[in-house]
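Residue-level structural notes
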Amino acid sequence: MERSFRESSTHSPTRGPVSVSTPAADVLTSSAVYAIIAGLSGLLVSQWFSPNDSVITVLLIVFFAVMLAVRFWVIALMLLLIQAGLFLVEPGSLNAFGNSEGSAFLTIAVLTLLISASRYLTLTSSPLPYRLSNRASIKVAVQHARRTPRRDFAAFGVLPRQSSTIDSTEVVTLLVRIVVPVAVVSVLLAAVPLDPAAPEYARLIPPAVRTITIGVILLLICVLTNSLLSALAWRRLSPAESRMFLRSELSQWIHREVSAIARGRIKSRASRRNGMS
Amino acid sequence: MITNRAQWLMLLSVVGSVVGVMLNKGLLAHASLAVLVWLFGEWLLFRWRVEFQLRHLRCVRTVNGSTSDSGTLWTGRPAKVSVEIISERSLRIPFVRFRDWLPENLALVNGDDGADGQNEIDTQVIGGSSVEFGYTCRAQSAGTLQFRGVTVSVFDLHGLFFAKRFLPARQKFRVLPTSVTVAATHPRVKRVNSLPPPGIHRLQRAGMGCELLELREYVPGDPPKSIAWKVSARRDQLMTREYESEVPIRTTLFVDCSYGTRHGEFGQRPLDQIVRLAASIARSAMSVRDPVGLVVCDDADVQYMVSGAGDRHFFQMLDRLAKRAVSGAAPPVRFTPELLDEAWGVCGELYPELLNPKLNQVPFTWFPVRRGNRLKRFRRTRMAAVFTELYSLAPDEPQNLIYDDVRMASMCQRFLLEAGYGWTWPVVDRRSSELHDWHGKFEVLTSALTRVVARSHDHELFVLLVDLLDHPEPPGRLADAIRLARAHHHRVVVICPCPDDCRPGSLDRLETPSRTDVAGLLRQAERLRRINAADRLQRELRRLGVPVAFAADGRAAQLVLSEAELARSGRTTRSGRR
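Calculation criteria
- Residues numbered from 1 in each chain as written.
- Chains lettered and ligands numbered in written order.
- Predicted model: local features only at pLDDT ≥ 70, side-chain atom pairs only at ≥ 80, totals over all residues.
- Heavy atoms only, no water.
- Helix = DSSP H or I, 4+ residues; strand = E, 2+ residues; numbered from the N terminus.
- Contact = heavy atoms within 4.5 Å.
- Areas by Shrake-Rupley, 256 points an atom, 1.4 Å probe, with all protein chains shown as cover.
- Buried < 20%, exposed > 50% of the residue type's maximum accessible area, 1.4 Å probe, protein only.
- pLDDT = per-residue confidence, 0-100.
- Axes fitted to C-alpha atoms, helices over the stretch in contact; angles between N-to-C directions.
- Nonpolar A, V, L, I, M, F, W, Y, C, P; charged D, E, K, R; others polar.
- Buried area = accessible area lost by both parts, 1.4 Å probe.
- Salt bridge = Lys/Arg side-chain N within 4 Å of Asp/Glu carboxyl O.
- Polar contact = N/O pair within 3.5 Å; in protein donor to acceptor, adjacent residues only side chain to side chain.
- Pairing = 2+ DSSP bridges.
- Core = buried A, V, L, I, M, F, W, Y, C linked by side-chain atoms within 4.5 Å.
- Patch = residues over 30% accessible without salt bridge, like charges linked within 9 Å, V, L, I, M, F, W, Y side chains within 5 Å.
- Parallel < 35°, antiparallel > 145°, perpendicular 65-115°, else oblique.
- Left-handed = near helix turned anticlockwise from the far one by under 90°.
- Phe/Tyr/Trp six-rings, centres within 6.5 Å; stacked < 30°, edge-to-face > 60°.
- Lys NZ or Arg CZ within 6 Å of the ring centre and 35° of its normal.

Along its length, chain B carries 14 helices and 18 strands. Here the analysis covers contacts within chain B between residues at least 6 apart in sequence; of these, 74% occur between residues at least 24 apart. When the accessible surface of chain B is totalled, it reaches about 25200 Å², and 54% of it is carbon and sulfur.

As structure tokens, then:
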């Protein structure tokens, strides 16, 4: 469905008039951010690969091309390439715990790259790209790669966005988003080291024991947090939602019996109708 | 709901973490685990906002400056809508899209300043601030419409998660048809009259009109101003002028509100054209003091409204038309995939909370095995549960709805109808035989016309606004009723709506599509069929002495009224032959 595009300013009564970002500013931001992302990615990748290697050079070119062209899968592609690079470059050894200062800096760089790229893509595209078909996604990506002003994106559901969507505390939240995971992972890896005695009591190799331990810890945290949030959210359900849940649970218990009754009733009615006709 | 981006990131980071830890690749493990923790943190934050903060938003809508729960709109006239989202507490939702849900009867239009209207906005809610946006819309057909609320789509800042909720803000409006202003009608000579003056039509009986009827000798008691002094001087005897009466002509509108007239998009339906023309004709007639009556028919029922004049009667008539435009005959119940898809889409817009998979769970079954069929069964099960909640059905009703197509179709149609959607197209095709119940329609219309003719004592005008274009045979009993009306010296005009804005014209105006343009060829074939049907209908009704007009759009009103005027004037052709 074609949507029209509005560039007029929107007035917010409490915060005053809020300007809508213009297409020209979008183009400028687009090129700047792409250049930054491409540069950072290039630096990251070139650290681990020899530029003389022709295969890696081709990989780099493909990486940049894909990153510039494919719009909504670029974050996953970036992570995949970084992981592939780390996997190829780093030799596996029992001493490499990955919990050094170097690994923390590298993780900070990786997270910065991923978060910035995700944030930028969310800012400049429709918030609903994930519901677009693949063909529409590619069209939007091509338009964006051509630096088409956002005006032309209106056909794909990209709305005018208030510039205030960019939070003033963006940098602070970015720092928190980066530092907290790095700290958590550092603590986790330090708390669960490789245990040389693992084969004796668990009959497993030390890395396997470590993997299972970390997995269990993360799973426990996830399940506990989810349970807590679900319990809190349960108390805030509306009456209609509560009724819906109860009815759903009840129908799950007696689903087979009631289904059989309903099917039998429909069948007998159909046979009666056929008999009458 | 998790997005593709988050799914892929999570998958890659889990694989990277496992591979990194298992193979002792520390950098890979550290980076992948950090990404996993970041995703987990974002999920926590997002869920907190959706589950706990979003419930403190409230919506206030202003339509044409009023926040009242009910009001009146007019078709074709722009209405300014302003929506304010108020947060009752200090919130922090950094990225949210608000979209005011519009019924199908409303269309967005450009504002007065030429700016495009949009009923949605992307913004953020920080602190206790409110968000306001506005747009201009226009009702397309008469009836009622309801603003239901605002759809809220919440996203995180990185495109990892999104969720949809609905803020209810109900406002119900009565939509009255807008009448087209036409030129003033001309007086005609009336031979018989039973209606009291005033009016504009000439009756050759003594009265207080402007046209001279005769001169007669003065009788004591005649008003001095009616004495013809010059003639009296010539004849040496007092002579008095007598004038004609000026009387009205009663017009009765027969409006066809049958199920077949509700097919198509809002604003293009035959019913919309009929209602618009009925309002225009009524306004035109009342502007010259002619009383107008109304007979509203459908396939089984008929309602009468006695003739009257004046603004109050006019608005009562519009109100009656608007009500009947909504409450019509029930459509044929048929379960189609399109009907289910449409109902599912609307349900997702209006009740996203009730479709939440955590609340509205689907019992596990082995069948159907195929993914597409399984998805359809899941949708149907969830919709059955929503219908049970919305309409307070019995506890075992969801299972009946899952397996009983007729019940499910009936509920889907009810749901779409209440949501303000035109649900006819997924159910029936215009060319199909079940769209029109010709027997019922002619039965009702014939009895109504016969009754009105039997009760009339005057030379009246009957305007039949009936959808007859697809009728394959001569009108039958309706023709007999028309003959009866003509025998009582009444004028009858038939106005037949067209299914779209294409008036049946001549062939030379048609654009010839290329042979490869299948859609164009089908359009042309349909139009040719319509032209032939219109020619046939005109021929048949001309034999009865009834002029026919085909209403297609707003421009047709003028033509229709000129046809009606032709009928009023007593002539059969524009050249003036009586």
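Helices and strands together make up the secondary structure of chain A, namely 10 helices and 2 strands. Secondary structure elements in chain A, listed N-terminal to C-terminal, are β-β-α-α-α-α-α-α-α-α-α-α. Across the 277 residues that make up chain A, the buried fraction comes to 41%. Expressed as a percentage of contacts within chain A between residues at least 6 apart in sequence, the contacts between residues at least 24 apart total 69%. With the model as given, the accessible surface of chain A reaches about 15300 Å², and the carbon-plus-sulfur share is 68%.

A few words now on unusual backbone geometry. Residue and element names in this part refer to chain B. Of the consecutive residues Phe367 and Pro368, the connecting peptide bond is found in the cis state with omega at -5°. Here Pro368 shows up in the loop between α6 (337-350) and α7 (371-390). Here the phi dihedral of His489 falls at roughly 65°; this positive angle occurs in a residue that is not glycine. Residue position: His489 is located in the loop between α12 (477-487) and β17 (491-497).

Further remarks concern the confidence of the model for chain B. The pLDDT averaged across chain B works out to 82; a share of 82% of its residues lies at or above 70. In the model of chain B, helix α14 (residues 556-569) of chain B stands out as the element of lowest mean pLDDT, 61, in contrast to strand β1 (residues 57-63) of chain B, which has the highest, 93.

For the rest of this paragraph, the subject is the packing of helix α8 (residues 206-234) of chain A against helix α1 (residues 4-22) of chain B. Two elements in contact, α8 of chain A and α1 of chain B, have axes whose closest approach is 8 Å; the angle formed by their N-to-C orientations is 145°. Only Val18, Val21 and Met22 of chain B of α1 of chain B make contact with α8 of chain A, whose side of the interface consists of Pro207, Ala208, Arg210, Thr211 and Ile214 of chain A. Its residues assigned to classes, the contact of α8 of chain A with α1 of chain B shows 6 nonpolar, 1 polar and 1 charged.

Before going further, it helps to spend a moment on the interface of chain A and chain B. Of the residues lining the interface, 96 residues belong to chain A; the matching set on chain B comes to 82 residues. Roughly 8500 Å² of surface becomes buried between chain A and chain B when both sides are summed, with 61% attributable to carbon and sulfur atoms. Linking Arg269 of chain A and Asp404 of chain B is a salt bridge whose minimum nitrogen-to-oxygen distance equals 2.4 Å. Between chain A and chain B we count 18 residue pairs in polar contact (both at pLDDT 80 or more) in total. Of all elements in the fold, only β1 (10-12), α3 (74-89), α4 (101-124), α6 (170-191), α8, α9 (239-253) and α10 (255-276) of chain A reach the threshold of two or more residues within the side of chain A that touches chain B. Of the residues that constitute the side of chain A that touches chain B, the class distribution is 47 nonpolar, 31 polar and 18 charged.

Turning to the sheet that holds strand β14 (residues 292-297) of chain B, a few remarks are in order. Residue and element names in this part refer to chain B. Read from one edge to the other, the open sheet built from 6 strands follows the order β15-β14-β13-β16-β17-β18, with strand pairing classed as mixed. Two strands in the sheet have a free side with no partner beyond their single neighbour: β15 (302-308) and β18 (548-551). Across the sheet, the mean angle from the axis of one strand to that of its neighbour is 15°, orientation sign disregarded. Relative to β17, strand β16 (residues 461-465) runs parallel, the two being bridged by 5 bridges. Bridge pairing in β17 links Leu461 to Arg491. Packed onto the sheet, helix α5 (residues 311-326) meets β13 (251-256), β14 and β15 and runs at close to 165° relative to β15.

All names here are of chain B. Across the sheet, 5 strands lie side by side as β2-β9-β8-β4-β6; this open sheet has mixed pairing. Looking at the sheet topology across the chains shown, the edges are occupied by β2 (70-74) and β6 (120-127). Direction aside, neighbouring strands of the sheet carry axes that sit 35° apart on average. Across 5 bridges, strand β4 (residues 91-100) lies against strand β8 (residues 143-155) in antiparallel orientation. Following the sheet pairing, Asp100 is matched in β8 by Val150. Relative to strand β9 (residues 162-176), α6 is tilted by about 100°, and along the sheet it contacts β4, β8 and β9.

For the rest of this paragraph, the subject is the nonpolar core. Residues and elements named next belong to chain B. Grouped together as the largest cluster of nonpolar side chains are 73 residues, with contacts concentrated most on Leu57, Ile85, Phe98 and Phe147. It is helix α2 (residues 26-53) that provides the largest number of residues to this core, a total of 11 residues. With residues near it in sequence (within four places) discarded, Leu57 still touches Ile85, Ile86, Ser87, Leu91, Ile93, Phe98, Val125 and Leu167. If you look at the next biggest cluster of nonpolar residues, it comprises 33 residues, including Val444, Ala479, Cys498 and Ala533.

Attention now moves to a nonpolar patch on the surface. On the surface, Phe87, Leu88, Val89 and Ile205 of chain A together with Ile2, Met10, Val14, Val18, Met22 and Leu23 of chain B cluster together to form a nonpolar patch covering roughly 800 Å² of accessible area. With 4 residues, the single largest contributor to the nonpolar patch is α1 of chain B. Structurally, Met10 of chain B can be placed in helix α1. Judged by its relative accessible area of 38%, Met10 of chain B is partly exposed.

This next bit is on the environment of Asp156 of chain B. Residue and element names in this part refer to chain B. With respect to the helices and strands, the residue Asp156 is situated in the loop between β8 and β9. For Asp156, a relative accessible area of 2% corresponds to the buried category. In the structure, Asp156 is positioned 61 residues away from Phe95 in sequence and 6.3 Å away in space, judged by C-alpha atoms.

Between α9 of chain A and α7 of chain B, the shortest axis-to-axis distance is 10 Å and the interhelical angle comes to 130°. When the axes of α9 of chain A and α7 of chain B are compared, the pair comes out oblique. Our pair here, α9 of chain A against α7 of chain B, has a crossing hand that is right-handed. From α9 of chain A, Ala240, Arg243, Met244 and Arg247 of chain A reach across to α7 of chain B, where they touch Ala385, Val386, Thr388 and Glu389 of chain B. When its residues are assigned to classes, the contact of α9 of chain A with α7 of chain B shows 4 nonpolar, 1 polar and 3 charged.

This part covers the packing of aromatic side chains. All names here are of chain B. Tallied over the entire structure, the rule returns 15 aromatic pairs over all chains. Through successive ring pairs, a cluster of aromatic residues spans Tyr351, Phe387, Tyr391 and Phe415. Positioned above the aromatic ring of Trp74, the side-chain terminus of Arg77 is 4.7 Å from the ring centre. Looking at Arg451, its charged tip hangs above the ring of Tyr304, at a distance of 4.0 Å from the centre.

This brings us to the pattern of salt bridges. Oppositely charged side chains are able to pair whenever their charged atoms sit close together. Residues and elements named next belong to chain B. The full count for this structure, using the stated rule, is 25 salt bridges over all chains. Glu120 is paired through a salt bridge with Arg99; the nearest N and O atoms lie 3.8 Å apart. In this pair, Glu120 sits in strand β6 while Arg99 sits in strand β4, placing the two residues 21 residues apart along the sequence. In this structure Glu120 comes out as buried when scored by relative accessible area, which is 2%.

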